[in-house]
Amino acid sequence: MTTRREFLTSCALAGAALTTGGKTVAHAAAQQRESESTGRPLVVSTWSFGQAANAAAWNLLAPGGAALDAVEQGARVPESDPANRTVGLGGLPDRDGHVTLDACVMDHAGRAGSVCFLEGYEHPVSVARKVMEETPHVMLAGAGAAQFAAEQGFTTRDLLTDDARNAWNEWRKEARYEPTANAERHDTLGILAVDQDAHLAGACTTSGMAFKLHGRVGDSPIIGAALYVDGEIGCATATGHGEFVMRTLGSFLVVELMRQGRSPQDACTEAVERIVRSLGDDPGETQVGYLALDPRGRIGAFAVQPGFQYAVRDGARDEIIDAASAF
Ligand code: SD4
């Protein structure tokens, strides 16, 4: 009989597919590329919209720029995109109509900065970087984070677009609070980069679960949950149903597994397996995806269920890849 572990491992080895130029092909070579290492620099991001973030990051990485600058610039792209309903401007609001943002950054030296429950600022990732660089703290929340952003010279902006307000009004007609994991509503940007000097950095930014309770904070700004970077070992980021990631401290887990010798792919698979164990045989709508990168440029990705994609950009590739999944 095949154990769940054997099943997951075989999925990880056989299940990846690669999308290039709009075509998705069954693809054994995807995994091989991961183990071959493509060298540096390299940037990976969650979801297909990560490709635009990667492009901005690549503009810095290609001429020898720093990974930290690259991930920040990459994260700012979806933050400014009003058509993106899950990050920054245009993000869907909480139950009470507030767009509340979570973001964090971390670099190869173990420095970290984070903001959560931030309202009225388009670029939480940049505020998070300021927390990291300008304060002795790691995380600022809510009104305090907004006060700090103002003090740092960030300008306020109404982030609730007409489109997002309309979606919220539609949702309110249902008159019920059901924070289920809808794949469409789960699209945090996690971005990881390794630069020419083999320095790693990562960032994560989101408007969180759509129509969440006011005050709800997800995994995305939690160092160790949706983002973790160890300059020697590797880095990981998470997307999906944040509560599952928070309960398992997923990104820290992925990096610690890599420290124990697991490949980025195997580490992501094991971290998903911890979640899958709590789900039994039916994941329902629960989705979590992990993405990991090591200093050699090896990539891993795995999700609870199909649909999780990630974007890769390096000197030879600009691609979107379908991650393997447990179900
Ligand atoms: C959250 N993890 O707030 C975020 C949502 C998400 O892809 O990742 N969407 O739980």
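Predicted model, so just to flag it, every value in this text is computed and none were measured.

**Q** Explain the confidence of the model for the protein chain to me, and be specific about the residues and the numbers.
**A** Of the residues in the protein chain, 85% reach a pLDDT of 70 or more, and the chain-wide mean stands at 88. The low-confidence segment residues 1–36 (pLDDT under 50) makes 62 contacts with residues lying over four places distant or belonging to another chain.

**Q** Lay out unusual backbone geometry with the relevant residues and their values.
**A** With a phi close to 70°, W47 is a non-glycine residue in the positive phi region. The residue L249 is not glycine, and still its phi comes out positive at about 45°. Mapped onto the elements of the fold, L249 is located in the loop between helix 8 (242–248) and helix 9 (250–259).

**Q** Run through the pattern of salt bridges, naming residues and quoting values.
**A** Within this structure, the stated rule accounts for 20 salt bridges. Notably, a salt bridge pairs E273 with R277, separated by 3.6 Å at the nearest N-O pair. With E273 and R277 both in helix 10 (residues 264–279) and 4 residues apart, the pair spans about one turn of that helix. Since its relative accessible area comes to 5%, E273 is described here as buried. Close ionic contact of D314 with R317 constitutes a salt bridge, the shortest N to O distance being 3.2 Å. R317 gets classed as buried once you look at its relative accessible area, which sits at 8%. It is possible to trace a salt-bridge network through shared partners that takes in D69, E72, D107, R111, R129 and E133.

**Q** Describe in detail the nonpolar core, supporting the description with residues and values.
**A** By size, the foremost hydrophobic cluster in this structure holds 49 residues, and its most contacted members are V44, V254, Y290, L291, L293, I299 and Y310. Of the residues forming this core, the biggest block, 7 residues, is contributed by helix 10. Ignoring anything within four residues of it in the chain, the contact list for V44 reads N54, G190, I191, L192, L291, L293, I299, A311 and V312. With 30 residues, the next largest nonpolar core counts A128, L140, A146 and I191 among its residues.

**Q** Explain the environment of D96 to me, and be specific about the residues and the numbers.
**A** As for its placement among the helices and strands, D96 is situated in the loop between helix 4 (67–79) and strand 4 (101–107). Overall, the relative accessible area of 37% leaves D96 in the partly exposed class. Not counting the four nearest positions on each side in its chain, D96 is found in contact with W168 and H214. Side-chain polar atoms of D96 contact the side chain of R95, separated by 3.3 Å.

**Q** Residues and numbers for the side chain of T161, please.
**A** Mapped onto the fold, T161 is located in the loop between helix 6 (142–151) and helix 7 (162–174). Non-local contacts of T161, meaning those with residues more than four positions away in its chain, are made with P82, L89 and G90.

**Q** Provide a residue-level description of the packing of helix 5 (residues 124–134) against helix 6, including the pertinent values.
**A** Contact geometry for helix 5 and helix 6: axes closest at 10 Å, N-to-C directions at 80°. In terms of orientation, helix 5 lies roughly perpendicular with respect to helix 6. Residues V127, K130, V131 and E134 of helix 5 touch helix 6, and the partners they reach there are A145, F148 and A149. For the contact of helix 5 with helix 6, a count of residues per class yields 5 nonpolar, no polar and 2 charged.

**Q** Help me get a handle on helix 9, residues and values and all.
**A** When you tally the buried positions in helix 9, you get 8 out of 10 residues, the bulk of the element. Buried within helix 9 we find G250, S251, L253, V254, V255, E256, L257 and M258. Of the surrounding elements, those touching the buried residues of helix 9 are strand 9 (227–230), strand 10 (234–240), helix 8, helix 10 and strand 11 (288–293). Note on helix 9: the residue one or two positions beyond its end, G261, has a positive phi of about 105°.

**Q** Can you explain the environment of A150? Please cite residues and give values.
**A** Structurally, the position occupied by A150 is in helix 6. With 23 residues separating them along the chain, A150 and V127 place their C-alpha atoms 9.6 Å apart.

**Q** Describe in detail the sheet that holds strand 9, supporting the description with residues and values.
**A** With mixed pairing, the 5 strands of this open sheet are ordered in space as 9-10-11-12-15. The open sheet is flanked by strand 9 and strand 15 (324–325), the only strands paired with a single partner. Examined bridge by bridge, strand 11 and strand 12 (residues 299–303) share 5 bridges and lie antiparallel to one another. Its bridge partner lying in strand 12, G289 is registered against A303. Of the strands in this sheet, strand 9, strand 10 and strand 11 touch helix 9, which is tilted by about 145° from strand 10.

**Q** Now, about the pairing of strand 5 (residues 112–118): what can you tell me, with residues and values included?
**A** Each regular strand carries side chains that alternate between the two faces of the sheet. Counting buried residues in strand 5 gives 6 out of 7 residues, a clear majority hidden from the surface. For strand 4 and strand 5, the ladder comprises 5 bridges, and the chain directions are antiparallel. Each residue of the ladder has a partner; that of V105, found in strand 5, is G113. The hairpin turn running from strand 4 into strand 5, its antiparallel successor, is 4 residues long, and G110 in that turn takes a positive phi close to 85°. As judged from the 3 bridges shared by strand 5 and strand 6 (residues 139–141), these two strands associate in the parallel manner. Residue V115 lies in a different strand from strand 6, and its bridge partner there is L140. Each parallel crossover has a hand, and for strand 5 linked through helix 5 to strand 6 it is left-handed.

What counts, and at which threshold
Residues numbered from 1 in each chain as written. Predicted model: local features only at pLDDT ≥ 70, side-chain atom pairs only at ≥ 80, totals over all residues. Heavy atoms only, no water. pLDDT = per-residue confidence, 0-100. Contact = heavy atoms within 4.5 Å. Helix = DSSP H or I, 4+ residues; strand = E, 2+ residues; numbered from the N terminus. Salt bridge = Lys/Arg side-chain N within 4 Å of Asp/Glu carboxyl O. Buried < 20%, exposed > 50% of the residue type's maximum accessible area, 1.4 Å probe, protein only. Core = buried A, V, L, I, M, F, W, Y, C linked by side-chain atoms within 4.5 Å. Polar contact = N/O pair within 3.5 Å; in protein donor to acceptor, adjacent residues only side chain to side chain. Axes fitted to C-alpha atoms, helices over the stretch in contact; angles between N-to-C directions. Parallel < 35°, antiparallel > 145°, perpendicular 65-115°, else oblique. Nonpolar A, V, L, I, M, F, W, Y, C, P; charged D, E, K, R; others polar. Pairing = 2+ DSSP bridges. Right-handed = clockwise from strand over helix to strand, strands pointing away.

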